[in-house]
Amino acid sequence: MKRRLFSLSVAAATVAMSLPALAQTKWDLPAAYPATNFHTVNLTAFANDVDKATGGKLKITVHAGASLFKAPEIKRAVQGGQAQIGEILMANFQNEWQLFGADGLPFLADSYDASMKLYKAQKPLLEKKFAEQGMVLLYAVAWPPQGLYSKAPINSAADLKGSKWRAYSPATARIAELVGAQPVTVQAAELSQALATGVVETNMTSGATGVDSKLYEHLKFYYDVQAWLPKNAVFANKKAFDALDKPSQDALLKAAADAETRGWAESQKVNTDTLATLKARGMTVAPPSAQLKADLQKVGETMLKEWQEKAGPEGKTLIDTYKR
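To keep things clear, this report deals only with the structure shown in the data block. (Residues numbered from 1 in each chain as written. Predicted model: local features only at pLDDT ≥ 70, side-chain atom pairs only at ≥ 80, totals over all residues. Heavy atoms only, no water.)

**Side note on the packing of aromatic side chains**
The geometry of an aromatic ring pair comes down to the distance between the two centres and the angle between the two planes. Stated formally: Here a Phe, Tyr or Trp ring, Trp counted by its six-membered ring, pairs with any other such ring whose centre lies within 6.5 Å, and the pair is stacked when the planes are under 30 degrees apart, edge-to-face when over 60, and tilted otherwise. Strands are runs of DSSP state E lasting at least two residues, helices are runs of H or I lasting at least four, and both sets are numbered from the N terminus onward. Exposure classes here rest on a 1.4 Å probe applied to the protein chains alone. A residue is buried below 20% of its type maximum, exposed above 50%, and partly exposed in between. For a lysine, the NZ atom is tested; for an arginine, the CZ atom; a charge sits over a ring if that atom is within 6 Å of the ring centre and within 35 degrees of the ring normal.
Summed over all chains, the structure comprises 9 aromatic pairs. Here phenylalanine 38 and tryptophan 143 contribute two aromatic rings whose centre-to-centre distance is 5.9 Å and whose plane-to-plane angle is 85 degrees, an arrangement assigned as edge-to-face. Of this pair, phenylalanine 38 sits in helix H2 (residues 38-53) while tryptophan 143 sits in the loop between strand E4 (135-142) and strand E5 (147-150), placing them 105 residues apart in sequence. Like tryptophan 143, phenylalanine 38 is buried. Three or more aromatic residues joined by ring pairs make a cluster, and in this case those are Trp97, Phe100, Phe130 and Phe235. Over the ring of tyrosine 322 we find lysine 117; its NZ or CZ atom is 5.6 Å from the centre of that ring.

**What to know about the pairing of strand E8 (residues 202-205)**
Going by this rule: Strand pairing follows a simple DSSP-based rule, namely that at least 2 bridges must link the two strands.
Where burial is concerned, the two faces of E8 agree: the one with Thr202 and Met204 and the one with Asn203 and Thr205 are both buried. Relative to E8, E5 runs antiparallel, the two being bridged by 4 bridges. Bridge assignment links leucine 148 to a residue of E8, and that residue is methionine 204. The pairing of strand E6 (residues 164-167) with E8 spans 2 bridges and is classified as parallel. The residue of E8 that forms the bridge with arginine 166 is asparagine 203.

Shown next as structure tokens:
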């Protein structure tokens, strides 16, 4: 009898020990930016919030620096179920759907307030598109305003002609074409090497990426043109989301809402801090000349017109809603 009780106790203990493992769900979250980037820091805080809120039932592992999938591969990986959740720079996917690139249009939304207004107009359309593709939009956070980096002084768009211009999206490639520069596609993870080897000479990106990639080691000038504020979107595979129990889904959505609020606030702080860092590292940080700003605004007008032609009725709905 004692032996039978002992066997039952061992069996019960074995079952009890295996229950947490059976109940736990593990998700992989590929991200394109370094672990120290504010977007990635926010993702890590988001994952920790989910872990705590679900009592460890849902564990999200953040894979920073394009270590699991390269930036252009992340969306497809989540869509196809290779990863359960991911983060992308939406402007990178404009060729797939024009509205992904709305926040990459120069001078359409060039402040945090304008960027949030554009996001509110975009959000229902984004949620619909992600749902059609078998995914759930969780949250989005803007990058700091995009400025112009260069090796030499830039006083007008004419000074950009012939320069090797880093393009990270269809919009940045189009800017290069319109100013007569040579677009070179380089993702954030490869930017430092591209600069060190002379593949890139000019670049439009944020102060945050400037610090992440140590652009001050290779480029001498930063013009704070505040051209646009592209957004990163975080989204989950719909099947993976639906497989969670209701409390875990609610916890995930609450953590996402908190991450969105936190991320936008941090973006503004990062903008101030990183421009100060660029200065401290020896870069000339200055506003654009009146001529350069006028030239770039003209580029923006051309690109908005082209975008609206491609975006069709959905694009018109978005712009009309945004401009109300």
